[in-house]
Amino acid sequence: MRLRLPAERPTEPPTGYKIAHPVLSQDGTRAAFTGVSLGGALPYGVLDDASCVYGRRHRPPARLCDCGFHCVHDRAAAEAMLCTAEHRDAVLLEVSVLGAYIRFERGFRYARQRVRSAVTGPCGCGAGAVALADAGWGRPGWRALVPSCAGCLRGRTSVSLAGFARLAGEGLRVVAGGGGGAALPALPALPAADPASGTSGTSGAFGAELGVPELVAEAALLQARLDWFQSQLARLGERGEQG
């Protein structure tokens, strides 16, 4: 006789924590995440269903398979995984466990999840991140991103933290953590532009919602891009004089 654990029927979805790499679609219109271990080749959205990474037709999480989303119960356990060299550039996710799940001693394996928030680490130089920039690797159709400060962007493909949250959708919050300074709160999403009225999506009520930390982060990002353009113009000018 095989003993089975009693079925759970929680009144609200359990909360879990995990780490993942943020990714940006090739055309720059979508944002998602990719795992750091099993299933890392399959990017997932903020609200998404799991699929079997082995191509089997059963519904995750199958008891005799490893498929499904994975998370741990304790935030500290997920943060500990960020200490390893291969995971230093990953972000910390807080998720809601949805659908069927299997509870283990340290976490869940489950069928559906909603990513509620993402906390980035510092830039590789140690400064606080103001954007997510091209990491130099990716998956087919997706560019992996790493936290970056304004000074380290250097013309790489990048998206601000608020821009990533807007592209990911579903109310995702992105928070900058770590670095030499205080953590920056997530920037509010930009409202969509209205071609009929000629608005660019950056005026009106949006300007009134920004606080000093958000404006400082956006200014640093814009300054980094301006510095890069100026260096490119100077380089072109030097070539013209030599020719």
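Anything mentioned here points back to the structure above.
Let us look at the structure shown here. (Residues numbered from 1 in each chain as written. Predicted model: local features only at pLDDT ≥ 70, side-chain atom pairs only at ≥ 80, totals over all residues. Heavy atoms only, no water.)

1. Here's the deal with the side chain of E94
We apply this condition: Runs of E in the DSSP output that reach at least two residues are strands. Runs of H or I that reach at least four are helices, and both are numbered from the N terminus. Exposure classes here rest on a 1.4 Å probe applied to the protein chains alone. A residue is buried below 20% of its type maximum, exposed above 50%, and partly exposed in between. What qualifies as a polar contact is a pair of N or O atoms within 3.5 Å, subject to a donor-acceptor requirement within protein and to the restriction that residues adjacent in sequence count only when both atoms come from side chains. We call two residues in contact when some of their heavy atoms are within 4.5 Å.
The residue E94 is located in strand β5 (residues 91-103) in this model. Look at E94 and you get buried, because its relative accessible area is 17%. Within polar-contact distance, the side chain of E94 engages the side chain of R116 at 2.7 Å. In contact with E94, other than residues within four places in its own chain, are T15, G16, Y17, R114, V115, R116 and S117.

2. Some words on the pattern of salt bridges
Definition in use: The rule for a salt bridge is simple: a side-chain nitrogen of Lys or Arg has to be within 4 Å of a carboxyl oxygen of Asp or Glu.
Within the structure shown, the criterion is met by five salt bridges. For the salt bridge of E79 with R75, the shortest nitrogen-to-oxygen distance reads 3.0 Å. One end of the pair, E79, and the other, R75, are both in helix α1 (residues 75-81), four residues apart, so they sit about a helical turn from each other. Among the residues examined, R75 registers a relative accessible area of 35% and is labelled partly exposed. In this structure, R116 engages E94 in a salt bridge whose closest nitrogen and oxygen atoms are separated by 2.7 Å. One end of the pair, R116, is in strand β6 (residues 107-120); the other, E94, is in strand β5, and 22 residues separate them in sequence.

3. As for the environment of L172
Here L172 is to be found in the loop between α2 (161-168) and β10 (173-176). L172 has contacts with F33, V46, V115, R116, S117, A118, F164 and A165, leaving out every residue within four places of it along the chain.

4. Structural notes on the packing of aromatic side chains
The condition is simple: Pairing of aromatic rings covers Phe, Tyr and Trp, the last counted by its six-membered ring, and requires centre-to-centre distances within 6.5 Å; plane angles under 30 degrees mean stacked, over 60 mean edge-to-face, and any other angle means tilted.
For the coordinates displayed, the defined rule picks out five aromatic pairs. On the basis of an interplanar angle of 70 degrees and a centroid distance of 5.4 Å, the ring pair of Y44 and F69 is categorised as edge-to-face. Residue Y44 is found in the loop between β2 (31-34) and β3 (47-49), and its partner F69 is found in strand β4 (residues 69-72); the two are separated by 25 residues along the sequence. Residues Y44 and F69 agree in their burial class; the two are buried. Judged by centre distance (5.2 Å) and plane angle (85 degrees), the ring pair of Y101 and F108 falls under edge-to-face. For Y101, a relative accessible area of 18% gives the class buried. Residue classification places F108 among the buried positions, given a relative accessible area of 4%.

5. Topic: unusual backbone geometry
Here the residue pair P60 and P61 is connected by a cis peptide bond, since its omega of 0 degrees sits within 30 degrees of zero. With phi around 50 degrees, R154 is a residue other than glycine that occupies positive phi space. The phi dihedral of E170 falls on the positive side, at around 60 degrees, and the residue is not glycine. Position of E170 among the secondary structure elements: in the loop between α2 and β10. Judged by relative accessible area, E170 falls into the partly exposed class, the value being 46%.

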